[in-house]
Amino acid sequence: MFVIVGYVVVLASVFGGFAMAGGHLAALFQPLELLMIGGGALGAFFVGNTPKAVKATVKGLPLVFKGAKYTKDTYMELMALLYELLGKIRKEGLMSIEGDVEKPDESPLFSKYPKIQSDHHLVEFITDYLRIMVSGNLNAMEIENLMDVEIETHHHEELVPAHTIAKLGDGMPAFGIVAAVMGVVHTMESVGAPPAELGMLIAHALVGTFLGILLAYGFVGPLSSVLEQKADESTKMFQTIKVTLLANLNGYAPAMAVEFGRKVLNSTERPGFSELEEHVKQKR
């Protein structure tokens, strides 16, 4: 919603201001200029990215028009799941969660938390490290190092769409200049035309530069910022799981381990201590 509202504000401010200044909006409607700028930028996008990056970008773009995936309720559900898993380990031993870890889709415990169960990346991260804890072959420091590497890899992959879109936006002003130069060339070819016609041709050429800059900084560039912020939100979930599991591995009780994880969250999504405790009790 904010993306759409922002686009409306950009269009209303730029074109509305132009019209209020006495400009003719029809002069800005240049489909061929858009074709040169958009087509050139799209072609460069395919040239400059691997198929995997292109696929990730196409998959990630619709996310900018959706609300936040990881909300306060999602974090609370994650905390409740971790608390219940660690509580089961504390009461019944590590082997008691073997069934939950091996088949989380069929686990009655995971099924109580549908928001987490539907995110296969989170479920895989949780179950993989619980499986490692069950095996007992690695100490806390080794597991922490392994977690850091995996989280860094995940964050890098999540940032791919943001980086590709940013580069796409950076190139659009240049393609706008290309379109403008092509317009100037066309104008020079028509140097014998009447002054009024030459003025129209020059105006059309200048529209290319205008559109390239507008598309870059008003439409494409901001999308990369949104995608980057969403990648950071996703990484915060993994960091919360990491801190919680490591706290438990270092001997802290489930309630205290979850408290460690709660402290990792951003202040805007972090539940209060009593609020989280009440939520956990309800889930149990």
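Everything below is about the structure shown above.
As a starting point, this report considers the structure included with it. (Residues numbered from 1 in each chain as written. Predicted model: local features only at pLDDT ≥ 70, side-chain atom pairs only at ≥ 80, totals over all residues. Heavy atoms only, no water.)

## Quick look at the overall build of the protein
Heads up, the rule is: Secondary structure elements are defined from DSSP: runs of H or I of at least 4 residues count as helices, runs of E of at least 2 residues count as strands, and each element is numbered from the N terminus. C-alpha atoms define the radius of gyration, and 2.2 Å times the number of residues to the power 0.38 defines the globule rule. Categorising residues by exposure relies on relative accessible area from a 1.4 Å probe, with only protein chains included: less than 20% of the type maximum marks a residue as buried, more than 50% marks it as exposed, and the intermediate range marks it as partly exposed. Using the Shrake-Rupley algorithm and a 1.4 Å probe, accessible areas are obtained, with residue cover drawn only from the displayed protein chains.
A count of helices and strands for the protein gives twelve helices and zero strands. When the helices and strands of the protein are listed from N to C terminus, the series reads α-α-α-α-α-α-α-α-α-α-α-α. Taking 284 residues into account, the globule formula puts the C-alpha radius of gyration at 19 Å, and the protein, at 27 Å, lies well above it. Along the three orthogonal principal directions, the C-alpha set of the protein runs to about 90 × 35 × 30 Å. Across the 284 residues in the protein, those meeting the buried criterion constitute 40%. Approximately 15700 Å² of the protein is accessible, and the part contributed by carbon and sulfur atoms is 64%.

## A look at the packing of aromatic side chains
Centre-to-centre distance and the angle between the planes together describe a pair of aromatic rings. The line we're drawing: Here a Phe, Tyr or Trp ring, Trp counted by its six-membered ring, pairs with any other such ring whose centre lies within 6.5 Å, and the pair is stacked when the planes are under 30 degrees apart, edge-to-face when over 60, and tilted otherwise.
Evaluated as defined, the whole model comprises six aromatic pairs. An angle of 85 degrees between the planes, with centres 6.0 Å apart, marks the rings of F15 and F210 as edge-to-face. Of this pair, F15 sits in helix α1 (residues 2-20) while F210 is found in helix α10 (residues 195-249), placing the two residues 195 residues apart along the sequence. With centroids separated by 5.5 Å and ring planes inclined at 65 degrees, the aromatic side chains of F45 and F46 adopt a geometry described as edge-to-face. Among the residues examined, F45 registers a relative accessible area of 9% and is labelled buried.

## Here's the deal with the layout of surface pockets
To keep things clear, this is the line we draw: The distinction between a cavity and a pocket rests on a 1 Å grid over the protein atoms alone: a 1.4 Å probe fits inside a cavity but cannot get out, while a pocket stays open yet meets protein on both sides within 12 Å along at least five of seven lines, and a residue with an atom within 4 Å of a point counts as lining. Grid points are joined across faces, edges and corners, and a volume is the space filled by probe spheres set on the points. Classification convention: Asp, Glu, Lys, Arg as charged; Ala, Val, Leu, Ile, Met, Phe, Trp, Tyr, Cys, Pro as nonpolar; all other residues, Gly among them, as polar.
Considered as a void within the structure, the largest pocket measures approximately 1000 Å³ in volume. As for the largest pocket, its lining consists of 32 residues, of which K59, L63, K69, H121 and E158 are closest to the centre. Here the residues of the lining of the largest pocket are counted per class, giving eleven nonpolar, ten polar and eleven charged.

## Structural notes on the environment of E77
Counting through the fold element by element, E77 comes out in helix α4 (residues 72-92). Look at E77 and you get buried, because its relative accessible area is 7%. Distance in space between the C-alpha atoms of E77 and F110 is 10 Å, their sequence separation being 33 residues.

## A look at α4
Note the cut-off: Expected span of a helix: the number of residues minus one, times 1.5 Å.
Between its first and last C-alpha atoms α4 spans 30 Å; for 21 residues at 1.5 Å apiece the expected length is 30 Å, and the two agree. Here α4 lies mainly inside the structure; 15 of its 21 residues are buried. Just past α4, the residue G93 takes up positive phi, approximately 95 degrees.

## Focus: the pattern of salt bridges
Going by this rule: Think of a salt bridge as a Lys or Arg side-chain nitrogen and an Asp or Glu carboxyl oxygen that are within 4 Å of each other.
Under the definition given, this model contains seven salt bridges. Here E259 ties to R262 by a salt bridge, and the two come within 2.7 Å at their closest N and O atoms. In this pair, E259 and R262 both sit in helix α11 (residues 254-264), three residues apart, roughly one turn of the helix. Among the residues examined, E259 registers a relative accessible area of 14% and is labelled buried. Counted as one network, the salt bridges with shared partners bring together E102, D128 and R131.

## Here's the deal with the nonpolar core
Stated precisely, the cut-off is as follows: Throughout, nonpolar core names a set of buried Ala, Val, Leu, Ile, Met, Phe, Trp, Tyr and Cys residues whose side chains join them through atoms within 4.5 Å.
Counting 39 residues, the largest nonpolar core has L81, L85, I116, I126, L130, I241 and L245 as the members making the most contacts within it. A total of ten residues in this core trace back to one element, the largest contributor, which is α4. With 16 residues, the next largest nonpolar core counts A41, A162, A216 and F219 among its residues.

## Quick look at the side chain of S224
The condition is simple: Identification of polar contacts relies on pairs of N or O atoms within 3.5 Å, with a donor-acceptor requirement for protein atoms, meaning one able to donate a hydrogen and the other able to accept it, and with residues adjacent in sequence counted only if both atoms are side-chain atoms. In what follows, a contact means two residues having at least one pair of non-hydrogen atoms within 4.5 Å.
With respect to the secondary-structure elements, S224 resides in helix α10. Judged by its relative accessible area of 9%, S224 is buried. A distance of 2.6 Å separates a polar side-chain atom of S224 from the backbone oxygen of G221. Not counting residues up to four positions away in its chain, the partners in contact with S224 are A162, I165 and A166.

## With respect to a nonpolar patch on the surface
To keep things clear, this is the line we draw: The residues that make up patches have over 30% relative accessible area and no salt bridge, and they are joined within 9 Å when like-charged or within 5 Å when they are Val, Leu, Ile, Met, Phe, Trp or Tyr.
Residues L32, L35, M36, V178 and M182 make up a contiguous nonpolar surface patch of about 490 Å² in total accessible area. The set of elements that each furnish at least two residues to the nonpolar patch consists of α2 (31-47) and α9 (140-189). It is α2 that provides the largest number of residues to the nonpolar patch, a total of three residues. Within the secondary structure layout, L32 lies in helix α2.

## Notes on the environment of P271
Following the sequence through the fold, P271 ends up in the loop between α11 and α12 (273-283). The buried category is assigned to P271, whose relative accessible area is 1%. Along the primary structure P271 and E150 are separated by 121 residues, whereas in three dimensions their C-alpha atoms are 26 Å apart.

That's the geometry; what it means functionally is another story.
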